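Geometric and topological summary
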Amino acid sequence: MDLNDSTSLAELMARYQSTETGYRVPKDGWRICLAHEFKEKRTPLQAKNVSLSDIAKHIGLGLRYLKWWYKKTQVEKKAPFIDMFRPLPLRQIYGAPLGGIGGGTITRGWKGEFCRWQLNPGMYHYKTVIADQFTVCLRRDSGTIYQQVLSTEHPHTLQGWNWGYCGEYGFYHALYPRAWTVYHLPGQNVTLTCRQVSPVIPHEYKDSSLPVAVFVWDIENKNDYALDVSIMFTMVNGSGHKDDKSGGHWNEPFNLEKEGESVSGVLLHHCTSVNPYTLCLAARKQSDREISYQTAFSPKGTCSALWSDFIKDGRLDSPEGPSPPTQKGETVAAALAAGCSVAAQGHNSVEFSLAWDMPKMTFGSREKEHRRRYTRYYGTKGDAGPSLSHYALTHYKNWEKSIEEWQRPILEDSSLPSWYKSALFNELYFVVDGGTVWVELPEDCDVSGGLRPQEGGLPAQPPIIKEYGRFAYLEGQEYRMYNTYDVHFYASFALIMLWPKLALSLQYDMAGSVVQHDPTERMNLMTGRCSAVKTQNVVPHDIGDPDDEPWTHLNAYQIYDTADWKDLNLKFVLQVYRDYHLTQDTQYLQDMWPICQAVMEAELKFDKDGDGLIENSGYADQTYDGWTVTGPSAYCGGLWIASVCVMCKMAQRLKSDSVYERYRDILERGSAAFDKLLWNGKYYNYDSSGRSLSNSIMSDQCAGYWFLRASGLGNDELQTFPKEKIRSALKSVFDFNVMSFGGGQIGAVNGMRPEGVPDRSSIQSDEVWVGVVYGLAATMIYEDMLEEGLHTAEGCYRTVWERAGMAFQTPEAYCEKGIYRSLAYMRPLSIWAMQLALDKTGQSYRPRQPSNS
């Protein structure tokens, strides 16, 4: 596959019939014609896709899970943290989400629909609300000549509206956190470009928290006569959820003038008993713009009255006063219109914003009330909609300037392929749309776990959490656990590189949870045995389920005994040093040092032979928890060696000579044992058991080394992995896991046999994990294998974004054909590890010229 091949992109735009390119739409990004239909149709992993041997191996787990699932869903009326019986079907519709970090999200699809909602923290509602639309009205000489809903849909409701915009004349372009939708109006010689802007700005911790987005409509009139153009924005009071009809919801118009700028719009008060919120539609008032509104209309039936009102003169009636509260069973919507004149062969624009104000929120257990981060600036009264809208409409140009300055060096680097630029920025959607919450730390909250600094613990309120708040994001929209740590290990590169204060805040939270102990016994679904929910000096798998009470009830993941997980403690230690290396925050290193020593002591119990190398039994670790392993393994063994290495480095930095000498001794013995037990002359064996499958080629076998390189180590006096062996291992992975799988065009399979066939001993070994592939690609880049690294990663991007229609819902995993698992997953944020590797090595890619033969 040629890294500059544009065949897939050409397919996405093949049905586009216009020559219009839109108003200042960038070259790089994900682009798709509004009429495109994906040929590839994948389905979620189901029981029928599991081999008989795997079913036999996990029959006990299946029965225990069924019993647990029934109790959770039918008795407790709760959503299971992983619903194996009702996986999300693939809807090939999603575009860039709206809003900043941690205030909830609304996703607008690439065809323009408002279709994915996360207003209640961490809980997703997948519903296209058909009345949520933009409509254009063109007028000439005081008469309407064209009025069209800018949607390709033909719904069975709202029949009084003109639906069915011809998708062949429009396209969508995403370069997160912005997106553009271009509509050429057939026969009108007019092109509209809707630019969607969200305040997601690296190293910025105020505006990036705001739950608001701006829609800038650029209007190009290619006619020889002037036109009056109006855009109408309609929205239902709600998200298509059943509580839209619970009654008591109402709307009201508003106008806010401040600092010489004025905005007008409609507030939609959604008055539920739990987590009430207000939606705010707003437009910027200017001398040559006309703003009008309809406070309330029923989005049922034909809705022809609103259509007639708008078509009459391109404006709405604008009644005064609020609407009456809805009755039970009713829904209510609002409309806002902005109009302007556009000269012949001219250009003009109108600006809208959409804000949502849920200042206080509770999770599923309703135990505690949390204040969202943006309330630090806009208060908790629930009246922030007008102020948020005013600020957004008067500051979005500053946001765009910051976004462009951040993205420009990468976009202008001609040595980087276009697909990579699209992947790098668009995968960042998950920082916002990962069920993300960003909340203020209550004054009476103690995050230390009860162990004070003088006892080897943390302050009750570490300054970084007090200043920057608490941050949490889900493992995935389907795998509903916050801050799943083995996955965050990969995804954390995006945070530490772009919002380092949030990354460190999360680390302090995790460090405080390490010392906690919850002796409550519960059954582990894998084994059927009972164990404590949380063991002291073990990093938790996660900080909780949003349908429960995160930060209070840890370890929602109930499959395994958390005390036996090998990799979580190691990943904590590795991240501590990597974060210190990238931030040079000495206080952070000092605060984390005693926690690192405690978790490493807990790991040493797994060194059963005293050879300086930990062993596994049963399953590899928490990351590859479905793949059986016995004895020291390439993955956990490599993470252990890397962790011991950084313990030596931290001890040197903090002048702890005795700790340094101890871990230096462990490092020397462990490295020798790792090499002796696992190196086979070409790569590191999967494990050291000597079983028939122990010599499988694992794509992630160099994960420990990868983190050392990301931490500025691996080439110094503590070099633990011989470089020639790392390069040989990476070459084996590329030759087998990449090029011998899926025609070399779909990424790297987790496990490959040396005979050249996938390792099908488990579900996980036969999958491609997108986030692991990006980490593998970063490792290759460090080892001067840039072309191989980009080729490997490109396979995942092409599969997910261009063939399978999984844009803005990148899954955890997919198989060679037909199957995916866990849509909208955290780990693919690891693509930012590739950018770190490029930054550190200073490499430029020059594609090979095609052969003339």
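**Side note on the packing of aromatic side chains**
Summed over all chains, the structure comprises 54 aromatic pairs. Seen in terms of ring centroids, F215 and F233 are 5.8 Å apart; in terms of plane orientation they differ by 70 degrees. Their pairing is edge-to-face. Of this pair, F215 sits in strand β12 (residues 212-221) while F233 sits in strand β13 (residues 227-236), and the two are 18 residues apart along the sequence. For the pair shown, F215 and F233 are each scored as buried. F233 sits in the buried class, given a relative accessible area of 0%. An aromatic cluster is built from W30, Y172, W419, Y420, Y429, F430, F471, Y473, Y797, W801 and F808, whose rings are joined through pairwise contacts. One residue, R116, lies across the ring of Y94, its end atom 4.3 Å from the ring centre. Between the NZ or CZ atom of R827 and the centre of the ring of Y490, over which it lies, the distance is 4.8 Å.

**Here we look at the confidence of the model for the protein chain**
Looking at the protein chain, the pLDDT average stands at 94 and 96% of residues meet or exceed 70. Counting interchain partners and residues more than four positions distant, the pLDDT-below-50 stretch residues 1-5 has 18 contacts. In the predicted structure, residues 848-853 sits below a pLDDT of 50 and forms 1 contact with residues beyond four places in sequence or in another chain.

**Looking at a nonpolar patch on the surface**
Together, L52, I55, I59 and L63 give the surface a local cluster of nonpolar side chains, amounting to about 430 Å² of exposed area. Elements represented by at least two residues in the nonpolar patch include exactly α2 (52-57) and α3 (59-75). Considering the arrangement of structural elements, one finds I59 in helix α3.

**Some points on the sheet that holds strand β6 (residues 125-126)**
Strand order in this open sheet of 4 strands is β3-β4-β5-β6, and the pairing throughout is antiparallel. Two strands bound the open sheet, and with one partner strand each, they are β3 (97-98) and β6. As paired elements, β3 and strand β4 (residues 105-108) share 2 bridges and run antiparallel to each other. Paired with L98 across the bridge in β4 is I106.

**Comments concerning the nonpolar core**
Ranked by size, the top nonpolar core spans 290 residues in total, and within it W30, W217, F352, F572 and W832 carry the most contacts. Not counting residues within four places of it along the chain, the set of residues in contact with W217 comprises F134, L150, Y183, L192, T193, C194, I231, N348, S349, V350 and F352.

**Brief notes about the sheet that holds strand β2 (residues 43-44)**
Spatial ordering of the open sheet is given by β2-β32-β31-β30, a layout of 4 strands whose pairing is mixed. The open sheet has two edge strands, β2 and β30 (768-769), and neither has a second partner. Sheet analysis places β30 next to strand β31 (residues 813-814), joined by 2 bridges and oriented antiparallel. Looking at β31, one finds that V768 is bridged to Y814.

**So, helix α10 (residues 485-498)**
In an α-helix, one turn spans 3.6 residues, which is why side chains three or four residues apart end up on the same side. Counted at 1.5 Å a residue, the expected span for α10 with its 14 residues is 20 Å, and the 19 Å between its end C-alpha atoms agrees. For α10, the principal kink sits at A491 and spans about 55 degrees. Among the 14 residues in α10, 14 count as buried, and that is most of the element.

**Re the pattern of salt bridges**
Here the structure, examined in full by the defined rule, presents 45 salt bridges. With its nearest N and O atoms 2.9 Å apart, the salt bridge here joins R284 to E261. On the criterion of sequence distance, the pair formed by R284 in strand β16 (residues 277-285) and E261 in strand β15 (residues 261-270) is long-range, its members being 23 residues apart. Residue class for R284 comes out buried when judged on its relative accessible area of 14%. By relative accessible area, which is 25% here, E261 ends up partly exposed. With a shortest N-O distance of 3.0 Å, R480 and D545 are connected by a salt bridge. Of this pair, R480 sits in the loop between β23 (470-472) and α10 while D545 sits in the loop between β25 (530-534) and α12 (567-583), and the two are 65 residues apart along the sequence. When its relative accessible area of 9% is taken as the criterion, D545 is described as buried.

**Let's talk about the state of the cysteines**
Taken as a whole, this structure holds 0 disulfides when the rule is applied. With no disulfide of its own, C645 lies closest to C648 among cysteine sulfurs, the gap being 6.4 Å. Left without a disulfide partner, C702 is nearest to the cysteine sulfur of C636, which lies 15 Å away.

**Quick word on unusual backbone geometry**
Backbone torsion omega between Y176 and P177 reads 15 degrees, so that peptide bond is classified as cis. One non-glycine residue with positive phi stands out, namely C303, at about 55 degrees. When its relative accessible area of 10% is taken as the criterion, C303 is described as buried. Of note, the phi angle at Q584 is positive, near 55 degrees, even though the residue is not glycine. Residue classification places Q584 among the partly exposed residues on the basis of a relative accessible area of 49%.

**Examining the pairing of β4**
Taking every second residue as pointing to the same face, both faces of β4 are buried, with T105 and T107 on one and I106 and R108 on the other. Taking the residues between adjacent antiparallel strands as the criterion, β3 and β4 are bridged by 6 residues, where G99 takes a positive phi near 100 degrees. Examined bridge by bridge, β4 and strand β5 (residues 114-118) share 4 bridges and lie antiparallel to one another. The partner of R108 across the bridge, within β5, is F114. As consecutive antiparallel partners, β4 and β5 are separated by 5 residues, and within that stretch G112 has a phi angle of approximately 105 degrees, a positive value.

**Quick look at the pairing of strand β18 (residues 333-342)**
With 9 of 10 residues buried, β18 is to be regarded as a mostly interior element. Pairing of β13 with β18, which is carried by 10 bridges, proceeds in the antiparallel orientation. Counterpart to D228 in the pairing with β18 is S341. Relative to β18, strand β17 (residues 290-297) is paired through 6 bridges, and the arrangement is antiparallel. Considered in β18, the bridge of I291 is made with A338.

**Quick word on the environment of Y429**
One can find Y429 in helix α8 (residues 429-433). With a relative accessible area of 0%, Y429 lands in the buried category. Not counting residues within four places of it along the chain, the set of residues in contact with Y429 comprises P97, R116, Y176, F808, Q809, T810, A824 and Y825.

**Some thoughts on the side chain of S209**
Along the chain, the position of S209 falls in the loop between β11 (190-197) and β12. Take S209: its relative accessible area is 1%, and that puts it in the buried class. A polar contact of 2.7 Å, which involves the side chain of S209, links it to the backbone oxygen of K206. Ignoring anything within four residues of it in the chain, the contact list for S209 reads I101, R373, Y374, Y377 and W438.

**Re the environment of L393**
Tracing the chain through its elements places L393 in helix α6 (residues 385-411). Overall, the relative accessible area of 0% leaves L393 in the buried class. In contact with L393, not counting residues within four places along its chain, are V214, V263, A282, A283, R284, E351, F352 and S353.

**Considering the packing of α10 against helix α20 (residues 831-841)**
Packed helices, taken two at a time, are described by the angle between their axes plus the distance between the axes. Between α10 and α20, the shortest axis-to-axis distance is 7 Å and the interhelical angle comes to 55 degrees. Between α10 and α20, the angle is such that the two are oblique. Mapping the contact onto sequence places F493, A494, M497 and L498 in α10 and W832, A833, Q835, L836 and D839 in α20. Its residues assigned to classes, the contact of α10 with α20 comprises 7 nonpolar, 1 polar and 1 charged.

**Things to note about helix α4 (residues 304-313)**
Within α4, the full set of buried residues consists of L306, W307, D309 and F310. The buried side chains of α4 occupy one side of the element, clustering within an arc of 160 degrees when seen end-on. Seen from the open side of α4, the exposed residues pointing more than 90 degrees away from its buried face are A305 and K312. Against the buried residues of α4 lie β7 (133-140), β8 (143-149), β13, β17 and β18.

Reading the values: rules and limits
- Residues numbered from 1 in each chain as written.
- Predicted model: local features only at pLDDT ≥ 70, side-chain atom pairs only at ≥ 80, totals over all residues.
- Heavy atoms only, no water.
- Phe/Tyr/Trp six-rings, centres within 6.5 Å; stacked < 30°, edge-to-face > 60°.
- Helix = DSSP H or I, 4+ residues; strand = E, 2+ residues; numbered from the N terminus.
- Buried < 20%, exposed > 50% of the residue type's maximum accessible area, 1.4 Å probe, protein only.
- Lys NZ or Arg CZ within 6 Å of the ring centre and 35° of its normal.
- pLDDT = per-residue confidence, 0-100.
- Contact = heavy atoms within 4.5 Å.
- Patch = residues over 30% accessible without salt bridge, like charges linked within 9 Å, V, L, I, M, F, W, Y side chains within 5 Å.
- Areas by Shrake-Rupley, 256 points an atom, 1.4 Å probe, with all protein chains shown as cover.
- Salt bridge = Lys/Arg side-chain N within 4 Å of Asp/Glu carboxyl O.
- Pairing = 2+ DSSP bridges.
- Core = buried A, V, L, I, M, F, W, Y, C linked by side-chain atoms within 4.5 Å.
- Expected span 1.5 Å × (residues − 1).
- Bend = angle between axes of the 7 residues up to and from the residue.
- Disulfide = S-S within 2.5 Å.
- Polar contact = N/O pair within 3.5 Å; in protein donor to acceptor, adjacent residues only side chain to side chain.
- Axes fitted to C-alpha atoms, helices over the stretch in contact; angles between N-to-C directions.
- Parallel < 35°, antiparallel > 145°, perpendicular 65-115°, else oblique.
- Nonpolar A, V, L, I, M, F, W, Y, C, P; charged D, E, K, R; others polar.
- Arc of directions from axis to C-beta.

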